[in-house]
Every structure is written in C-alpha cells, then in structure tokens.
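Residue-level listing of the chains:
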Amino acid sequence: MQQERLNKAGWNRMIKFTKMQGIGNDYIYVNCFEEKVDHPSETARRISDRHFGVGSDGLVLICPDPAADFRMRMFNADGSESEMCGNAARCVGKYVFERGLTKKTEVSLATGAGLKMLEIRPDGEKAASVRVDMGEPVILGIGETVEAKGRTFSFTRVSTGNPHAVIFLEGVEDLDVEGYGKVIECHPLFPDRTNTEFAQVLSKDRIRMRVWERGAGETMACGTGACATLAAAAANGLTERKAVLDLNGGSLLIEWNAENNHIYQEGPAEFVFDGTWQDTP
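Residues numbered from 1 in each chain as written. Predicted model: local features only at pLDDT ≥ 70, side-chain atom pairs only at ≥ 80, totals over all residues. Heavy atoms only, no water.

Another aspect to go through is the overall build of the protein chain. Check the secondary structure of the protein chain and you find 5 helices and 18 strands. Relative to the 2.2 N^0.38 estimate, which gives 19 Å for 281 residues, the radius of gyration of the protein chain is 19 Å and therefore close to what a compact globule would have. Structurally, the protein chain occupies a C-alpha span of about 60 × 45 × 30 Å along its principal axes. Across the 281 residues that make up the protein chain, the buried fraction comes to 53%. Once local pairs closer than 6 in sequence are excluded, the contacts in the protein chain between residues at least 24 apart make up 61%. The average position of the 32 basic charges and that of the 41 acidic charges among the side chains of the protein chain differ by 3 Å. (Helix = DSSP H or I, 4+ residues; strand = E, 2+ residues; numbered from the N terminus. Rg over C-alpha atoms; globule rule 2.2 N^0.38 Å. Buried < 20%, exposed > 50% of the residue type's maximum accessible area, 1.4 Å probe, protein only. Contact = heavy atoms within 4.5 Å. Lys, Arg positive; Asp, Glu negative; His and termini not counted. Charge placed at Lys NZ, Arg CZ, Asp CG, Glu CD.)

Right, dumping it as structure tokens:
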C-alpha cells in the first residue's frame, strides 16, 4: 500500500537524464518534453549528491513554454530554485540543438529571470559554442561593506537576474572562499541570500574570479557571476566593457554592450554522459 501511494505521488519513477558541464559548472539535465519530475527540489538534493547521487551543482529541467521556444527551471544542489544560470543556459542551447529539439540557431529561453536569447554557433550538426544575451545588469550599490570572519570586504551589489556581491581584492588564488563565502551568503544584508564573487583584476581586459554560489558552495564556474563581475569592474572603472573572465573551470568571454546595455557571455558547453535515475524518496 505504501509503495502504491509513493508511485501515485510520482515517486519511484525512472527518469532519463543527461549530465552536462559548462567550464566545470555541472548540472543534471532532464528533457521534460519526454520525462516528468514531480518533486524537483527533493530530486535535486538527491541526484546532486556527489557521494550517494549522480553528483552535480544542481538539476535543470528543459520544459515547454507557451511564450518561448523552451523554458529552463534550475534547482541548486540544496534543492532551492534559482532564477538563472548562464552556464546552464549555454548547455540547454547545446542540448536542444544537438538532440534535435530545434533546428534554430537563435533560440528564446524563458527563465526565472525573464526571457533570454541564445545564439548557437553551429559546426555542422554540433554546437561549437553558445552566446547568451543575459539582458541588462543592474548595479544596485557600489562601495557597500560586509564583515565575515573578522574581515571587512567592500563589494558591489549587482543583479543579473539573481543576486551577486562582487568583491575585488588581491590574492584570490589563496583566499578562503568557503570560509568567507558561506558567511556572506547568509549575511543579514542579503535576506534572499547571495552569490559572492571574489575577483582579481589582472588587466583592463582580463579578470580572475572565484565564486561562492548560493545553495551550491564554491563551484568551478558561474555565468551570471561572471557577467556581474564584468559589470561591476566596468562600473568601478577597473576594466573595459569587454573582458575574459578566468574561472576555476575555464574562461568566458563577457561583453557589456554600450548600445543596448545588454551583457553577453559566450563559452563552451559539453555533454558528460547520459543515464537513468530511480527517483525515490
């Protein structure tokens, strides 16, 4: 009887998935045109576990949408739903193009942060790279301060569809990102929690960045964070409006267009493997 109730509730369902990564930012992708995930927050927590699950930074659902070509829903490894992820958006572009869901090279993607446009750079039947129009970044504050573990950091508050606190400093390679990041994420200054970027400006067109993601911890990369960092750097006069962002997992080209004020990020996306997950409580 208990098993029957679980089945009726959508548990104990076999779900086909694909693991993908964008410069090391890895997610589990589910094609919801064919599959169904009834409890995405709980499924995200279980499937993302790197010891007892598949292992990932979270779960991404590729869904139909009445007003766009596709909708992306993304859930962090802790089960919280996030508005947007640039690396995940690039992976969605590669997925829908190479798996035959679309033949378009310009794809509209509905997200929790609004409609985004994906420009797929084809190489035959493959997507060599994907460029994402992330919309307009919003600089919410410059020169605010936050204290973590006895140290005071000056930060720039930026929204790129989700919240970011961008901190510029020296010595980013040796920084205790986990120690500072987990404190800043949940600081009272950020009632909805925040992503935190620790960035070192190397030149007018290059930035080294490490990121503590809300709900996921330090990750190999963060597309929205890279965009927020470039916007913060340009707004503070530290760089030009176009730069390469070097993250733990690789590099992204970020450009803040002066004409339409939109920010664009371009980089690779890769398939890792396909599998089947038994979705049980």
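Of the residues in the protein chain, 96% reach a pLDDT of 70 or more, and the chain-wide mean stands at 95. Contacts from residues 1-6, a stretch scored under 50 in pLDDT, to residues over four places away or in other chains number 3 contacts. (pLDDT = per-residue confidence, 0-100.)

With that out of the way, let us pick up helix H4 (residues 177-185). Residues of H4 that are buried: Val177, Gly179, Tyr180, Gly181, Ile184 and Glu185. At its buried positions, H4 is contacted by strand E9 (138-148), strand E10 (151-159), strand E11 (163-168), strand E12 (195-203), strand E13 (206-213) and strand E14 (217-219).

Structurally, the position occupied by Val177 is in helix H4. Setting aside chain neighbours within four positions, we find Val177 in contact with Lys182, Phe198, Arg210, Val211, Trp212 and Glu218.

What you tend to see is this: most non-glycine residues have negative phi, and most peptide bonds are trans. Even without a glycine there, the phi angle at Lys149 is positive, about 55°. The residue Lys149 is located in the loop between E9 and E10 in this model. Residue Lys149 is classed as exposed on the basis of its relative accessible area, which comes to 53%. Positive phi outside glycine occurs at Arg193, with the angle close to 65°. Considering the arrangement of structural elements, one finds Arg193 in the loop between H4 and E12.

Here we come to the side chain of Thr156. Tracing the chain through its elements places Thr156 in strand E10. By relative accessible area, Thr156 is classed as buried at 4%. Setting aside its immediate chain neighbours within four residues, Thr156 contacts Ile139, Gly141, Ile142, His164, Ala165, Val166, Ala232 and Asn236.

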